[in-house]
Amino acid sequence: MTDKPALIDLITHNLEKNTVGKLVHGSAAPFLWGSPNNFGRDFDIILAADLTYEIEDIPVLINTFLSLSNNNTQIWLAYGKERFAMGAFFDQVQKFFYKVEKVPTHQLILDDVDFPISTIEIVKLRKIVK
C-alpha cells in the first residue's frame, strides 16, 4: 500500500521483480495513512520505506501500522540514516511494538542494489500482544 497512488505501477514492478522463494502473493494498492482499514489484518509482512519525513506524521503512521497488523505481522521498515524524524519515531513506536530489531546488512540480498547500503537502516517491528 502507498499513500502515493502515482507509485502503484513502480511498486507492482518491484514486487514482480523481487518475488522469490515462498512469497505467494503480493500486491500494491493506494492507502492514505489514518484512513479506515478495508484491507484486514491478515498480513504476514508489511514492507515500508522512507515514511518518516515529518515528526507530526508519526502518530498517524504508527496507528496505521497497528490497524494493518495482527499479533504475528512483521513490519520491515527501511529508512535513510539522515532522517531526523527517526529518533522520534522510535521513541513513540516502542510503546506499541515489543520488538524493534535492526536487520544486519549481511542478512540482505544485495545483488542489484545501486546505492550505498551504508546510507540506510532496516528494522523489523513486532506488535506488543496484550
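Now for a quick tour of the structure.

Reading the values: the criteria
- Residues numbered from 1 in each chain as written.
- Predicted model: local features only at pLDDT ≥ 70, side-chain atom pairs only at ≥ 80, totals over all residues.
- Heavy atoms only, no water.
- Axes fitted to C-alpha atoms, helices over the stretch in contact; angles between N-to-C directions.
- Helix = DSSP H or I, 4+ residues; strand = E, 2+ residues; numbered from the N terminus.
- Parallel < 35°, antiparallel > 145°, perpendicular 65-115°, else oblique.
- Left-handed = near helix turned anticlockwise from the far one by under 90°.
- Contact = heavy atoms within 4.5 Å.
- Nonpolar A, V, L, I, M, F, W, Y, C, P; charged D, E, K, R; others polar.
- Salt bridge = Lys/Arg side-chain N within 4 Å of Asp/Glu carboxyl O.
- Buried < 20%, exposed > 50% of the residue type's maximum accessible area, 1.4 Å probe, protein only.
- Pairing = 2+ DSSP bridges.
- Polar contact = N/O pair within 3.5 Å; in protein donor to acceptor, adjacent residues only side chain to side chain.
- Phe/Tyr/Trp six-rings, centres within 6.5 Å; stacked < 30°, edge-to-face > 60°.

**Here we look at the packing of helix 2 (residues 58-68) against helix 3 (residues 86-93)**
Reasoning step 1: One way to put it is that helix 2 packs onto helix 3 with a least axis distance of 10 Å and a crossing angle of 45°. It follows that helix 2 is oblique to helix 3 by the angle criterion. The way helix 2 lies across helix 3 gives a crossing that is right-handed. In this structure, helix 2 contributes Ile58, Pro59, Leu61, Ile62 and Phe65 to the contact, and helix 3 contributes Ala88, Phe89, Gln92 and Val93.
Reasoning step 2: Across the contact of helix 2 with helix 3, the residue classes break down as eight nonpolar, one polar and no charged.

**So, the pattern of salt bridges**
Reasoning step 1: What the rule picks out here adds up to two salt bridges.
Reasoning step 2: Between Lys124 and Glu101 there is a salt bridge, with the nearest N and O atoms lying 4.0 Å from each other. With Lys124 in strand 4 (residues 120-127) and Glu101 in strand 3 (residues 97-102), this pair connects stretches of sequence that are 23 residues apart.
Reasoning step 3: By relative accessible area, Glu101 is classed as partly exposed at 29%.
Reasoning step 4: As a salt-bridge pair, Glu121 and Lys102 come within 3.2 Å of each other at their nearest N and O atoms. Linking Glu121 in strand 4 with Lys102 in strand 3, this pair joins segments that are 19 residues apart in sequence.
Reasoning step 5: For Lys102, a relative accessible area of 51% corresponds to the exposed category.

**Observations regarding unusual backbone geometry**
Reasoning step 1: Look at Asp50: it is not a glycine, yet its phi comes out positive at around 55°.
Reasoning step 2: With respect to the helices, strands and loops of the structure, Asp50 is situated in the loop between strand 1 (45-49) and helix 2.
Reasoning step 3: Classification of Asp50 as partly exposed rests on a relative accessible area of 36%.

**Some remarks on the sheet that holds strand 1**
Reasoning step 1: If you walk across this open sheet you meet the four strands as 1-2-4-3, and the pairing is mixed. Either end of the sheet is taken by a strand with one partner, and the two such strands are strand 1 and strand 3. Each strand of the sheet is rotated relative to its neighbour by a mean of 20°, with strand direction disregarded.
Reasoning step 2: When strand 3 meets strand 4, the two strands line up antiparallel, connected through five bridges. When the sheet's bridge partners are listed, Glu101 is paired in strand 4 with Lys124.
Reasoning step 3: Running at roughly 160° to strand 2 (residues 74-80), helix 3 makes contact with strand 2, strand 3 and strand 4 of the sheet.

**Digging into the side chain of Lys127**
Reasoning step 1: Along the chain, the position of Lys127 falls in strand 4.
Reasoning step 2: For Lys127, a relative accessible area of 10% puts it in the buried group.
Reasoning step 3: Only 3.2 Å separates the side chain of Lys127 from the backbone oxygen of Leu66, close enough to count as a polar contact.
Reasoning step 4: One polar contact links the side chain of Lys127 to the main-chain carbonyl oxygen of Ser69, over a distance of 2.7 Å.
Reasoning step 5: Once you skip the residues sitting within four places of it in the chain, Lys127 turns out to touch Arg41, Leu66, Ser69, Asn70, Asn71, Phe96, Phe97 and Tyr98.

**Comments concerning the packing of aromatic side chains**
Reasoning step 1: Evaluation of the coordinates by the stated rule reveals three aromatic pairs.
Reasoning step 2: Seen from their ring centres, Tyr79 and Phe90 are 5.7 Å apart, and the 65° between their planes marks the pair as edge-to-face. Taken as a pair, Tyr79 in strand 2 and Phe90 in helix 3 lie far apart in primary sequence, 11 residues in all.
Reasoning step 3: Ring geometry for Phe89 and Phe90: centres 5.4 Å apart, planes at 70°, overall edge-to-face.

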